[in-house]
Amino acid sequence: MSICYLNGKFLDLKEAKISPLDRGFLFGDAIYEVIASYNNKPFKIEDHLDRLFINLKDIKISINYSRQEVKNILESVIEKNDLSNQIIYLQISRGHEDIRDHIPGPSPSPTIFVCSFPLKNIPNAQMTAIKASLKKDFRWRKSNIKSTSLLANVMYKIQASEENFFEIILQENGYITEGAVSNVFCVKNNEVKTPSLENNILPGITRSVIIDIVNKIGIKITESKISVEDFMNSDEIWITNTTKGILLVSEIDEVQVSNSDNVYSKVLKKFIEETLV
Ligand code: PDD
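Keep in mind it's a predicted model, so treat the numbers as computed, not measured.

Conventions we followed
- Position labels on residues start from 1 in each chain and follow its written sequence.
- Residue-level local features of this predicted model are given only where pLDDT is at least 70; pairs of side-chain atoms are given and counted only at 80 or more, and the full residue set underlies all totals for whole chains, interfaces and linings.
- Hydrogens and water are ignored here; the side-chain numbers use all heavy atoms of the structure.
- Counting from the N terminus, the helices are DSSP H or I runs at least four residues long and the strands are E runs at least two residues long.
- Our radius of gyration is a C-alpha quantity, and the globule rule it is checked against amounts to 2.2 Å times the number of residues to the power 0.38.
- Exposed residues in this analysis have more than 50% of their type's maximum accessible area, buried residues have under 20%, and partly exposed residues fall in between, with area computed by a 1.4 Å probe over protein chains only.
- Throughout, a residue-residue contact means that at least one pair of heavy atoms, one from each residue, lies within 4.5 Å.
- Values of accessible area rely on a 1.4 Å probe in the Shrake-Rupley scheme; residue burial ignores everything except the protein chains shown.
- Only four residue types enter the tally: Lys and Arg on the positive side, Asp and Glu on the negative side; His and the chain ends are excluded.
- Charge positions are represented by NZ for Lys, CZ for Arg, CG for Asp and CD for Glu.
- Within this analysis, patches are made of residues with over 30% relative accessible area and no salt bridge. Like charges are joined at 9 Å or less; nonpolar side chains (Val, Leu, Ile, Met, Phe, Trp, Tyr) at 5 Å or less.
- Salt bridges are counted wherever a side-chain nitrogen of Lys or Arg sits within 4 Å of a carboxyl oxygen of Asp or Glu.
- The near set for a molecule or strand comprises every residue that places at least one heavy atom within 4 Å of it.
- Here a polar contact is taken to be a pair of N or O atoms separated by no more than 3.5 Å, where protein atoms must pair a possible hydrogen donor with a possible acceptor and residues adjacent in sequence count only if both atoms sit in side chains.
- Two cysteine sulfurs form what is called a disulfide whenever their separation falls within 2.5 Å.
- Delimitation of the domains relies on an automatic or database domain assignment.
- When two parts are put together, the accessible area they lose, computed with a 1.4 Å probe and summed over both, is reported as buried area.
- In this count, Pro and Cys sit with the nonpolar residues alongside Ala, Val, Leu, Ile, Met, Phe, Trp and Tyr, while Asp, Glu, Lys and Arg are called charged and the others, Gly among them, polar.

## Section: the overall build of the chain
Logical step 1: A tally of regular secondary structure across the chain gives seven helices and 15 strands.
Logical step 2: The globule rule puts the C-alpha radius of gyration for 277 residues at 19 Å, and the 19 Å found for the chain is close to it.
Logical step 3: The dimensions of the chain, computed from C-alpha atoms along their principal axes, are 55 × 40 × 35 Å.
Logical step 4: Put simply, the chain has 277 residues, and 50% of those count as buried.
Logical step 5: Residue pairs at least 24 apart in sequence account for 70% of intrachain contacts in the chain once pairs closer than 6 positions are excluded.
Logical step 6: On the chain, roughly 14100 Å² of surface is accessible, and the fraction owed to carbon and sulfur atoms is 52%.
Logical step 7: Of the side-chain charges in the chain, 33 are positive and 36 negative, and the distance between the mean point of each set is 2 Å.

Now the structure itself:
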């Protein structure tokens, strides 16, 4: 049995029901967070809460829960699900109304949903390198918001699965943005680069953990624009996200990349240590 939280109640996921008039369902009028819990401890929960509350403010949803109350709900869901490593999914939509109208009513009551899935791949030293494909970024202009309107991302992932790629890496006007469900990094001559937050990307929590680790191990890192040409000529390419951690990219559209894993292996080692704490 998987226990979830929905609007004030903890219940079996199979029993959880919301209205088809929920604005999350009708408009994708909702935001979400995906949080890893290693050994029953949520990883970087404060950073996820920071991003959640920034996003709520960005899309003008106000909830009747304090930050501490949201944190307590997340911790309770972790505790109620008997798995040492979990992925916690949190979604807040603007709520449901009696009629479909783009303009929200004066006081919709947000739908708050939290559930748990098993975290299958915990970071380890034997992570296999993945194959990716480079595509044009056709998403909206506010990818900094962790919106549930993920149709573009879903289309990329369907294509990736049909073409046997693990991830799609996106470029806009010749510059790398991010992956369909990840942030990206590259290494050239022992220096790390990642697209800066001005490039219409999600401020990934794993991205900031990795930036800190690279700084801590004394390797130069810059957040900037990265041309497709420089990216394809890198010594190493990595992708990062909460569910997969940090993965080396071995091929992009069947062209071999990452001839080295020199910096990657140092960063991965530290990342594993941090997730075990
Ligand atoms: N997505 N960029 C995009 C477009 C993403 O969807 C994600 C993660 C990231 C990485 O963010 P973080 O390190 O905070 O997980 C970057 C999650 C895992 C998802 O949609 O399931």
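Structure's up, so let's keep going.
## Quick notes on a nonpolar patch on the surface
Logical step 1: Taken together, the side chains of Phe138, Leu151, Val154, Met155 and Ile158 present a nonpolar region at the surface, about 490 Å² in accessible area.
Logical step 2: Position of Met155 among the secondary structure elements: in helix H4 (residues 151-162).

## Some details on the site of the ligand
Logical step 1: Around the ligand, the surrounding shell holds 18 residues, and the nearest of these are Tyr32, Glu178, Ile205, Thr206 and Thr242.
Logical step 2: Measuring from an oxygen atom of the ligand, one finds a side-chain N or O atom of Thr206 at 2.6 Å.
Logical step 3: Within the side chain of Thr242, one N or O atom sits 2.6 Å away from an oxygen atom of the ligand.
Logical step 4: Its free accessible area being 470 Å², the ligand has 90% of it covered by the protein chains.

## Here we look at the environment of Pro104
Logical step 1: Within the secondary structure layout, Pro104 lies in the loop between strand S5 (86-93) and strand S6 (111-118).
Logical step 2: Here Pro104 falls in the partly exposed class, since its relative accessible area comes to 33%.
Logical step 3: Pro104 sits 79 residues away from Asn183 along the chain, and the two C-alpha atoms are 32 Å apart.
Logical step 4: With residues up to four places along the chain from it excluded, the contact list for Pro104 reads Arg23, Arg94 and Glu97.

## A short note on the side chain of Ser196
Logical step 1: On the secondary structure map, Ser196 appears in the loop between strand S11 (191-195) and helix H5 (205-216).
Logical step 2: When near neighbours in sequence (up to four residues on either side) are disregarded, Ser196 contacts Ile201, Arg207, Glu223 and Ser224.

## Observations regarding unusual backbone geometry
Logical step 1: With a phi angle near 50°, Asn39 is a residue other than glycine that sits in the positive phi range.
Logical step 2: In this structure Asn39 comes out as partly exposed when scored by relative accessible area, which is 42%.
Logical step 3: Phi is positive for Lys60, which is not a glycine, with a value near 60°.

## Remarks on the state of the cysteines
Logical step 1: Here the structure, examined in full by the defined rule, presents zero disulfides.
Logical step 2: Left without a disulfide partner, Cys115 is nearest to the cysteine sulfur of Cys4, which lies 6.7 Å away.

## Comments concerning the domain arrangement of the chain
Logical step 1: Here the domain parsing of the chain yields domain 1 (3-118) and domain 2 (130-275).
Logical step 2: Taken over C-alpha atoms, the centre of domain 1 sits 26 Å from the centre of domain 2.
Logical step 3: Contact residues are listed per partner, giving 21 residues for domain 1 and 18 residues for domain 2.
Logical step 4: Counting the surface domain 1 buries against domain 2, the share from its top three residues, Tyr32, Phe43 and Arg51, is 38%.
Logical step 5: Counting every contact that joins domain 1 to domain 2 gives zero salt bridges.
Logical step 6: Every element with two or more residues in the side of domain 1 that touches domain 2 is listed here: strand S3 (30-38), helix H2 (45-58) and S5.
Logical step 7: Looking at which element gives the most residues to the side of domain 1 that touches domain 2, the answer is S3, with eight residues.
Logical step 8: Grouping the amino acids of the side of domain 1 that touches domain 2 by side-chain chemistry returns twelve nonpolar, four polar and five charged.

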